[in-house]
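Structure at a glance
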Amino acid sequence: MPEPLSPRELLALDRQHVWHPYGPMPGTAAPLLVESASGVRLRLAEPVEGRDELVDGMSSWWSAVHGYHHPVLDEAAHGQLERMSHVMFGGLTHEPAVRLAKRLVDITPEPLEHVFLADSGSVSVEVAVKMCLQYWRSLGKPRKQRLLTWRGGYHGDTWQPMSVCDPDGGMHELWQGVLPRQIFADAPPAGFDAAPDEAYAARLRELIGRHAEELAAVIVEPVVQGAGGMSFHSPGYLRVLREACDAHGVLLIFDEIATGFGRTGSLFAAGHAGVTPDVMCLGKALTGGYLTLAATLCTSAVADGISRGALPVLAHGPTFMGNPLAAAVADASIELLLSQDWAQEVKRIETGLREGLAPAAGHAGVREVRVLGAIGVVQLDHEVDMAAATRAAVREGVWLRPFRDLIYTMPPYITGDDDLARICAAVCAAAREG
Ligand SMILES: *Cc1c(COP(=O)(O)O)cnc(C)c1O
């Protein structure tokens with residue numbers, strides 16, 4: 001056994017050596033040291049603001065939908081560990097990957113038929129883009145290599161995904177001349193329930209038509225734009241995109257990495273619109289937050305197109321592709337989700353968030369409160385003071401991670417009503433003090 005390290009030693013080493021998301025090196029704000037997690041609670045190695053346990057309002061960035069240390073997921077991981085944690089996927093296959101792929105095809109909209117397992121969301125977006133570009137190349141249209149999206153999106157941090165992130169929020173300035181130049185429509189008008197704006201829809205159609213010759217695909221996050229700004233839009237625009245893409249010979253990619261597995265109240269956000277994309281990306285909640293895994297699904301038309309090309313293979317194959325441990329847990333997580341009335345639980349959380357966040361609407365400095373499914377957002381009229389907002393939430397016994405002008409929560413679906421009320425109180429406190 002290695003020498004035990006005290007919390008203070010760990011935090012000092014962390015500061016010295018460990019890079020954290022979107023952070024400088026060395027870090028400026030000390031992270032909280034988590035010792036273990038169970039249910040909806042994170043246990044801290046030492047108390048902060050008098051709390052040694054925090055209710056998790058973030059589901060570890062949308063992923064831990066069943067909470068932590070879940071007996072069913074633990075058992076799936078242990079069981080698979082007994083057999084093998086990993087084998088290469090080139091020339092070999094295994095039951096967890098096959099079962100998972102079959103299940104994903106079964107639960108996603110028709111006619112998504114084929115599954116590429118990747119190791120993170122960003123990589124699954126890279127694969128989606130590669131599929132689309134290669135499809136057109138195979139069909140003798142190599143000029144079709146640009147992407148169109150709407151502003152306000154987020155698709156990951158590797159190069160192709162970065163190129164379709166919101167150009168203002170996504171550091172495009174910094175990377176001008178380095179990132180591929182894509183085509184941006186205005187952000188979709190806000191409001192899940194708002195009637196689609198016909199003038200906006202017409203501009204989308206026009207833009208797709210005008211650039212059809214050079215467009216490989218349109219890529220969007222359906223219904224909810226997550227890390228780009230936590231905004232919701234009418235599913236009607238997804239139908240507009242589908243029709244315009246079909247009319248002009250452009251593929252359609254839905255990035256459901258954040259919205260998949262029930263978060264918005266539909267198993268997949270595409271379900272709100274009754275629309276199927278040609279390519280769909282899944283990640284985040286795929287393994288119930290246990291392990292890193294993502295998937296890119298495509299139709300047979302896309303796969304057949306690629307197979308007809310001069311290079312008839314999809315030239316992509318991550319070392320840890322199809323990782324059996326992750327695949328086994330993902331399969332168990334989806335089975336667990338579908339074995340219960342998840343839609344009812346998401347509805348219950350939606351109701352709790354609407355009630356619990358309503359008071360924030362009256363606060364000075366709050367621009368808007370919005371809720372959809374198990375997603376609750378308080379948007380301020382100013383940049384959040386991260387340190388003050390985090391402290392306010394921790395004082396309430398809750399873990400939140402605000403960004404820009406947004407304090408938000410997407411709790412695990414197992415969050416009980418009392419814990420949900422506590423999360424809402426913390427969001428309101430963070431909005432007041434942040
Ligand atoms: C988180 C996210 C990604 C990137 O996934 P990673 O696993 O962090 O690489 C891509 N698209 C959307 C919509 C996301 O929310």
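Let me begin by describing the structure that accompanies this report. (Residues numbered from 1 in each chain as written. Predicted model: local features only at pLDDT ≥ 70, side-chain atom pairs only at ≥ 80, totals over all residues. Heavy atoms only, no water.)

1. Remarks on the overall build of the protein chain
- A count of helical and extended segments in the protein chain gives 14 helices and 16 strands.
- For a compact globule of 434 residues, the expected C-alpha radius of gyration is about 22 Å, and the protein chain comes in at 22 Å, within 12% of that figure.
- For the protein chain, the spread of C-alpha atoms along the three principal axes comes to 65 × 55 × 45 Å.
- Per-residue burial for the protein chain yields a buried fraction of 52% across its 434 residues.
- Across the protein chain, every contact between residues at least 6 apart in sequence was considered, and the portion connecting residues at least 24 apart equals 71%.
- Surface summary for the protein chain: the accessible area is close to 19,100 Å², and the carbon and sulfur share equals 54%.
- Distance between charge centroids for the protein chain: 5 Å, based on 36 positive and 52 negative side chains. (Helix = DSSP H or I, 4+ residues; strand = E, 2+ residues; numbered from the N terminus. Rg over C-alpha atoms; globule rule 2.2 N^0.38 Å. Buried < 20%, exposed > 50% of the residue type's maximum accessible area, 1.4 Å probe, protein only. Contact = heavy atoms within 4.5 Å. Areas by Shrake-Rupley, 256 points an atom, 1.4 Å probe, with all protein chains shown as cover. Lys, Arg positive; Asp, Glu negative; His and termini not counted. Charge placed at Lys NZ, Arg CZ, Asp CG, Glu CD.)

2. Let's talk about the state of the cysteines
- Summed over the entire model, instances satisfying the criterion amount to zero disulfides.
- Sulfur of Cys-132: no disulfide; nearest cysteine sulfur belongs to Cys-298 and is 8.7 Å away.
- Residue classification places Cys-132 among the buried residues on the basis of a relative accessible area of 0%.
- Using a relative accessible area of 4% as the deciding quantity, one classes Cys-298 as buried. (Disulfide = S-S within 2.5 Å.)

3. So, the pairing of strand β12 (residues 294-299)
- Among the six residues that make up β12, six are buried, leaving the element largely enclosed by the rest of the structure.
- Neither face of β12 is left uncovered, since the one carrying Ala-294, Thr-296 and Cys-298 and the one carrying Ala-295, Leu-297 and Thr-299 both have all their residues buried.
- Two strands pair when backbone bridges link them, and strand β4 (residues 112-118) and β12 are joined in this way by six bridges, in the antiparallel orientation. Counterpart to His-114 in the pairing with β12 is Cys-298. (Pairing = 2+ DSSP bridges.)

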